[in-house]
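A structural walkthrough
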Amino acid sequence: MELDPEDKKVVDLLSKLKNSNGAYPSDILAARRRTYLRQMANVGLGLGVGAGLNSGGSAGGATATITSKILETVLIAAIVIEAGTIAYVYRDKIADLVRTYIGSSNVQEIASPSTDSASSNSEFVVNTEIPSVTVTITPSGTVTVTSGTPSPEFAGDNNNSDTNVNVNATPSPGDNNGNQYGLTPKPERTKENNTNDKNKDETNDGGTSNNNSNGNSNKP
Amino acid sequence: MIKDGVALLKAAQKLDEEALTAIFDEFAPAIYKYTLRLCHDPIVADNIVGDVFAQLLEQFAQGRGPRTNLRSYLYQTAYHLVVDRSRYNQHTAPLEIAVNMTGKGQSAIPTQTQIEERVLMEGLVTAMNSELTEDQRHVIILRFLEDFSLKETAEIVGKDVNNIKVIQNRGIAKLRKALGLQMEDD
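For clarity, every value in this text was computed on a predicted model and none was experimentally measured.

Within chain A, the regular secondary structure consists of five helices and four strands. Mapped from its N terminus to its C terminus, chain A presents α and β elements in the order α-α-α-α-β-β-β-β-α. With 220 residues in all, chain A has 6% of them scored as buried. In chain A, of all internal contacts separated by at least 6 residues, the share reaching a separation of at least 24 is 47%.

Shown next, in the form of structure tokens:
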């Protein structure tokens, strides 16, 4: 690169400056060199298999790399074999565990209602059972109330007893708001028979007669 | 003793003890000088030399590091370390520490020529510290004090070769102007 004569003068001065700059103090350089040699030893130990630094200049680094790869492969193979052996030994327990796990995730089955021969015709059967209420009082004071809500049943064509009947666990309320007005059977009024009345009359008459008869006796 | 640069580098990549020691002995004083010019602090320069060679060892241990130009690599590492440190600690000390060392070994009574040369050198150092930008100073140090080629300087600084040429020419022009002004003042 061409320089102007004046620039050349500056460059010459710079060259002189190059030779005049300070050197590394010998004591500090010696301390730094010792530190460097120690770091070299640590790096050599860090390689592990390479057994530190090489003095002969052989391909120790490459050997160390290959050895470490072989060791890694052997370790992985040992782990795989061990895992396979354990799985073989405990295969029954593992199978049970898997079965349990799969079985627990099934959908809850609902038993189909029993087919009644009497309700073989397609008709609406209203179950008029009075809801039973069971009250359980535990010693701890907790009250559990179990109520059975009667639901209308539809008895369809149940000629085939194997027919699958889909039953909703909780039927939609529809128009039924839960009140059972009009569905509760009225208590029948039992009329007294005439005979009974007569008997009653007779007994009453007899009673009176008895009373009369007795009355005399009872009379003081 | 490994003398060839390529053979030395290959042996060092294999973590050869002799090669690694030879690299330190050859380059540590030069790296120290270069770092001292940049940071003006002998203690920091010494620490940076230690960091440079520690990084070199780590790189070699990981199978990385320089493949061709070891010298450029070491200077580049040193430069990055100086830049990293200067971000946290701005040094304003002048470069006179280098000039002052020139008095060692010389006669007690300097001649007229020696006095003139010393004045000129001090003026040059002052101009480098005060007139040049960081890039210009760094490029001039690498080109004329460390004797790196344009290509190597470009690699170390991380710029294009043409850019390095421009920075160098502007730096020299500034120095020439500063020294010329000083000469007129004298």
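Attention now goes to the overall build of chain B. Each helix and strand in chain B was counted, giving nine helices and zero strands. Ordered by position from the N terminus, the helices and strands of chain B form the series α-α-α-α-α-α-α-α-α. Out of the 186 residues in chain B, the part that is buried amounts to 37%. Residue pairs at least 24 apart in sequence account for 63% of intrachain contacts in chain B once pairs closer than 6 positions are excluded.

All names here are of chain B. In terms of nonpolar packing, the biggest core is built from 57 residues, with Ile31, Val52 and Ala78 touching the most fellow members. With 12 residues, helix H2 (residues 17-39) is the single largest residue contributor to this core. Split by domain, the residues of this core number at least three in each of domain 1 (1-90) and domain 2 (94-186). Not counting the four nearest positions on each side in its chain, Ile31 is found in contact with Val49, Val52, Leu74, Tyr75 and Ala78.

All names here are of chain A. Per-chain confidence: chain A averages 64 in pLDDT, with 38% of residues scoring 70 or above. In this model residues 117-126 is a low-confidence stretch, pLDDT under 50, and it forms 14 contacts with partners more than four residues away in sequence or in other chains. Confidence over residues 151-158 falls short of pLDDT 50; this stretch has 19 contacts with residues more than four positions distant or in other chains.

Attention now goes to the packing of H2(B) against helix H3 (residues 42-61) of chain B. Residue and element names in this part refer to chain B. Here H2 crosses H3 at 135°, and the two axes come no closer than 8 Å. As the angle between them shows, H2 and H3 are arranged oblique. Helix-helix and strand crossings are classified by hand; for H2 and H3 the assignment is right-handed. Side by side, H2 and H3 meet where Phe24, Ala28, Ile31, Tyr32, Thr35, Leu36 and Cys39 of the first sit next to Pro42, Val44, Ala45, Asp46, Ile48, Val49, Val52 and Phe53 of the second.

This next bit is on the packing of helix H7 (residues 134-145) of chain B against helix H8 (residues 150-157) of chain B. Working note: a packed helix pair is described by the angle between its axes plus the distance between those axes. Residues and elements named next belong to chain B. Remark: H7 packs on H8, axes separated minimally by 10 Å, with the N-to-C direction vectors making an angle of 140°. The orientation of H7 relative to H8 falls into the category oblique. In this structure, H7 crosses over H8, and the sense of that crossing is right-handed. Residue-level contacts link His138, Val139, Leu142 and Arg143 of H7 to Thr153, Ile156 and Val157 of H8. Looking at the contact of H7 with H8, its residues break down into four nonpolar, two polar and one charged.

Here we take up unusual backbone geometry. Residues and elements named next belong to chain B. With a phi angle near 60°, Leu15 is a residue other than glycine that sits in the positive phi range. A positive phi angle is found at Asp147, which is not glycine, with a value near 60°. With respect to the helices, strands and loops of the structure, Asp147 is situated in the loop between H7 and H8. Residue Asp147 is classed as exposed on the basis of its C-beta count, with 11 C-beta atoms lying within 10 Å.

We now examine H3(B). Residues and elements named next belong to chain B. The end-to-end C-alpha distance of H3 is 29 Å, a good match for the 28 Å that 20 residues give at a rise of 1.5 Å each. Turning to H3, its buried residues are Ala45, Asp46, Ile48, Val49, Val52, Phe53, Leu56, Leu57 and Phe60. Of the residues flanking the end of H3, it is Gly63, one or two places downstream, whose phi is positive at about 80°.

Confidence along chain B averages 80 in pLDDT terms, with 82% of residues attaining 70 or more. For this predicted complex, the interface confidence score (ipTM) comes to 0.72, while the overall pTM stands at 0.49.

What counts, and at which threshold
- Residues numbered from 1 in each chain as written.
- Chains lettered and ligands numbered in written order.
- Predicted model: local features only at pLDDT ≥ 70, side-chain atom pairs only at ≥ 80, totals over all residues.
- Helix = DSSP H or I, 4+ residues; strand = E, 2+ residues; numbered from the N terminus.
- Buried ≥ 20, exposed ≤ 12 C-beta atoms within 10 Å, placed from the backbone.
- Contact = placed C-beta atoms within 7 Å.
- Core = buried A, V, L, I, M, F, W, Y, C linked by C-beta atoms within 7 Å.
- Domains from an automatic or database assignment.
- pLDDT = per-residue confidence, 0-100.
- Axes fitted to C-alpha atoms, helices over the stretch in contact; angles between N-to-C directions.
- Parallel < 35°, antiparallel > 145°, perpendicular 65-115°, else oblique.
- Left-handed = near helix turned anticlockwise from the far one by under 90°.
- Nonpolar A, V, L, I, M, F, W, Y, C, P; charged D, E, K, R; others polar.
- Expected span 1.5 Å × (residues − 1).

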